[in-house]
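Working through the structure, step by step
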Amino acid sequence: MTSAPPLNLLDEALGFLSGGGGGGGRMILVEDCVETTGAFILHHLLKRSLSPHSSDVVVFLSFAHPFSHYDRILRKMGCNLVMQRDNKRLLFFDMLMLDRLDRDKGKTSADLLLALYGKVQKAVEVCSSPVDTRRITIIIDDVSLMEVDANGSTNLVLDFLHYCCSLTAQFGCSLITLNHDDVYSTMDRPTLLLQLEYLADVVIKVEPLVTGPATDVHGQLTVLNKGLQDGPGKSRNKVNNFQFRIKDSFVEYFYPGNRS
Amino acid sequence: MAANKPRSSSFSRNFSAASNAVSNTPGLKHGPNGTMFLSSGIPDLDKMLGGGLALGSLVMVMEDPEAPHHMLLLRNFMAQGLVHHQPLIYASPAKDPRGFLGTLPNPMASKDDKARSHDTEQEKGLRIAWQYKKYFGEQNSDSHRDSKSEYSSEFDLRKPLERHFFNGQNIDCISLKDSADLAAFHDRCSSFLSQTPRNNGNVTSARIAVQSLCSPQCEFSNKEWEMLSFVRSLKSVIRLSNAVAVITFPPSLVSPAFSKRLQHLADTLVSVKAIPDEDKELAKLLTGYQDMVGLLSVHKVARINTQVPAILEATTFSMKLQKRRSLILECLNQAPVDGSSGTSYASSGSCSGSSKTGTLDF
């Protein structure tokens, strides 16, 4: 048996433990922008959840990319999604085409999201039988596209996310969502983004360097970890700041100016 | 756990069969990560984007409200498709979109013209007397050049595309002015794309060009969410088929949040900008200012099947009309330029710009 994957800066900032544990029952929000995508964090967390040392289950709601895209990326990182799907450890909902087909049958977007939640809830309930203690992670790959599918009805999306949040409380599963920060920057009161940030336990902000793109530093991350427990009755917020460089099989994280 | 060990290696070899089929298809070539490229019709743009436009990607062009430079990109994109006999959909808010086909440029005929114009970096390494170059080229990289010229042609913007390119082609022109909603247009696109299935042994690709999606002539231009869901579903249809769509939109006419959403939807994002005619400051700063017609910036390059971002050497390029007929893109030259690196315009002998080289205060 190989040893657990080593922790990198991101894992430490997220509060994962070196044994592969930690980080259950939380909500993580990833915010990115046009110039720098935050999808690589989802890949990392997906790989982490599906690591052979745990028996965690991932429910993946894909709005942005088809399965083949993720399969190719994760295969390079050393994780075979097809096999995980066959092992029922990955439940992949491809919302790219499904949505369109259903809509033609005259369903409204409220019906669609409700049906989707039904599927998610069922999947979670099946996986979390009292016998085994498998942790479940729900990953939503683009909340802003969900908004598009809901025809701009922020309330529907928020309802959906609230339901998912209630699952985290009920079954102890984690929720990881990706959203685009810059879409809301010109809005007066971006309800969706504000509420997401309020609900999230960890907010990861992905930004390009202010000096523009570079080959050896692809951008910077700000990880805001809310409510760390420092012993009984004490909690604090922690902000971590570092830079990253994305490669095919992994991502290098380092503190500014500290690249080895 | 042991079951996880013998998973298939990441070095997959199974493209070799497909690649043979593809290499025979003109106008397509293989990119990394199992993607395939087709040419944008501008060789310089292909080079910048790492080979071309990836099949299955959505390209967005942000227009400049003051100048129709996006039309240059669209024209070359469409003409390239017709040269390669690829099916084409063109949609525009104009009343008679078919008329636009008459303005498409014709591929440049003479071969030595082409060889001279875009092999500047070869010249840098090795300077040979001009008249011997054709022997050298034939000896050295004959097959290479042949395949390259087939993949992307250079276009002569002054000559209209010859009639025979239109014959027997699957060209669909749609006026967005007539249709009240985008559902009909989407259905037309998806039925059009379903005629070109993806995993066919003989790969054919299709092109979709949409001009000025959000322009106020269209009835749906105030329904932002409808347009977004159109673009989103078009994107997912394209992803699963062998097509590339280029959509241009005017960002100044839509709300900033909407524009950002469109930019997020794009796989490849490019913006064009006109440059003011008499900008003394800029003229001093950049060499070859007189020949420039505009600036082109690349904001995002399609990342299909990979998580590694494409980092370009430069993101802003100048668009120039070489000899007033072929569109080329060049890095902005800010430093003083001697004759060796500026071949492509130094040799063109532009009537007005010859005094420019070397008058820089840097």
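Before reading further, recall that the structure is shown in the block above.
What comes next is a walk through the structure.

Criteria and cut-off values
- Residues numbered from 1 in each chain as written.
- Chains lettered and ligands numbered in written order.
- Predicted model: local features only at pLDDT ≥ 70, side-chain atom pairs only at ≥ 80, totals over all residues.
- Heavy atoms only, no water.
- Helix = DSSP H or I, 4+ residues; strand = E, 2+ residues; numbered from the N terminus.
- Contact = heavy atoms within 4.5 Å.
- Areas by Shrake-Rupley, 256 points an atom, 1.4 Å probe, with all protein chains shown as cover.
- Buried area = accessible area lost by both parts, 1.4 Å probe.
- Salt bridge = Lys/Arg side-chain N within 4 Å of Asp/Glu carboxyl O.
- Polar contact = N/O pair within 3.5 Å; in protein donor to acceptor, adjacent residues only side chain to side chain.
- Phe/Tyr/Trp six-rings, centres within 6.5 Å; stacked < 30°, edge-to-face > 60°.
- Buried < 20%, exposed > 50% of the residue type's maximum accessible area, 1.4 Å probe, protein only.
- Lys NZ or Arg CZ within 6 Å of the ring centre and 35° of its normal.
- Pairing = 2+ DSSP bridges.

Overview of the overall build of chain A
Each helix and strand counted, chain A has nine helices and nine strands in total. Summarising the internal contacts of chain A: among those between residues at least 6 apart in sequence, 66% fall at separations of at least 24. As presented, chain A carries roughly 11,300 Å² of accessible surface, and 53% of it is formed by carbon and sulfur atoms.

Let's talk about the interface of chain A and chain B
Chain A puts 50 residues into the contact, and the matching count from chain B is 42 residues. When chain A packs against chain B, the two sides together hide about 3,800 Å² of surface, and 59% of this comes from carbon and sulfur. Counting across the interface, chain A meets chain B through two salt bridges. One salt bridge connects R232 of chain B with D149 of chain A, and the closest N-O pair in it is separated by 2.9 Å. Seen at the junction of chain A and chain B, the total is 15 residue pairs in polar contact (both at pLDDT 80 or more). If you list the elements that add at least two residues to the side of chain A that touches chain B, you get α2 (39-49), α3 (67-76), α4 (81-86), α5 (95-104) and α7 (143-149) of chain A. Ranked by residue count, the leading element in the side of chain A that touches chain B is α3 of chain A, at six residues.

Topic: the packing of aromatic side chains
Taken as a whole and judged by the stated rule, the model has eleven aromatic pairs over all chains. Taking 5.3 Å as the distance between ring centres and 15 degrees as the angle between the ring planes, the aromatic pair formed by F60 of chain A and F92 of chain A counts as stacked. Pair noted here: F60 of chain A is in strand β2 (residues 57-62) and F92 of chain A is in strand β3 (residues 90-94), with a separation of 32 residues, a long-range link. According to the relative accessible area criterion, F60 of chain A is buried, its value standing at 1%. Note on F92 of chain A: relative accessible area 15%, which makes it buried. Put simply, the rings of F60, F67, Y70 and F92 of chain A pair up and form one aromatic cluster. Seen from the ring of F67 of chain A, R85 of chain A lies directly overhead, with NZ or CZ sitting 4.1 Å from the centre. Over the ring of F77 of chain B we find R207 of chain B; its NZ or CZ atom is 4.8 Å from the centre of that ring.

Focus on the sheet that holds strand β3 (residues 53-54) of chain B
Residues and elements named next belong to chain B. In space, the three strands of this open sheet follow the order β1-β2-β3, with antiparallel pairing throughout. Looking at strand neighbours, the two that pair on one side only are β1 (28-30) and β3, the edges of this open sheet. Two elements, β1 and strand β2 (residues 36-38), share three bridges in a ladder whose sense is antiparallel. By the bridge assignment for β2, H30 is matched with M36.

Looking at the pairing of strand β9 (residues 251-254) of chain A
Residues and elements named next belong to chain A. Where burial is concerned, the two faces of β9 agree: the one with V251 and Y253 and the one with E252 and F254 are both buried. Looking at chain direction, strand β8 (residues 235-246) and β9 are connected through four bridges and run antiparallel. When the sheet's bridge partners are listed, I246 is paired in β9 with V251. Here β8 folds back onto β9 in antiparallel fashion, the turn holding four residues.

Notes on the pairing of strand β13 (residues 316-322) of chain B
Sheet faces and side chains relate simply in a regular strand, where the side chains alternate between the two faces. All names here are of chain B. Among the seven residues of β13, five are classified as buried, and the element is accordingly described as predominantly covered. The pairing of strand β12 (residues 292-300) with β13 spans five bridges and is classified as antiparallel. Counterpart to G294 in the pairing with β13 is M319. Joining the antiparallel neighbours β13 and strand β14 (residues 326-331) is a turn of three residues, in which K323 adopts a positive phi near 50 degrees.

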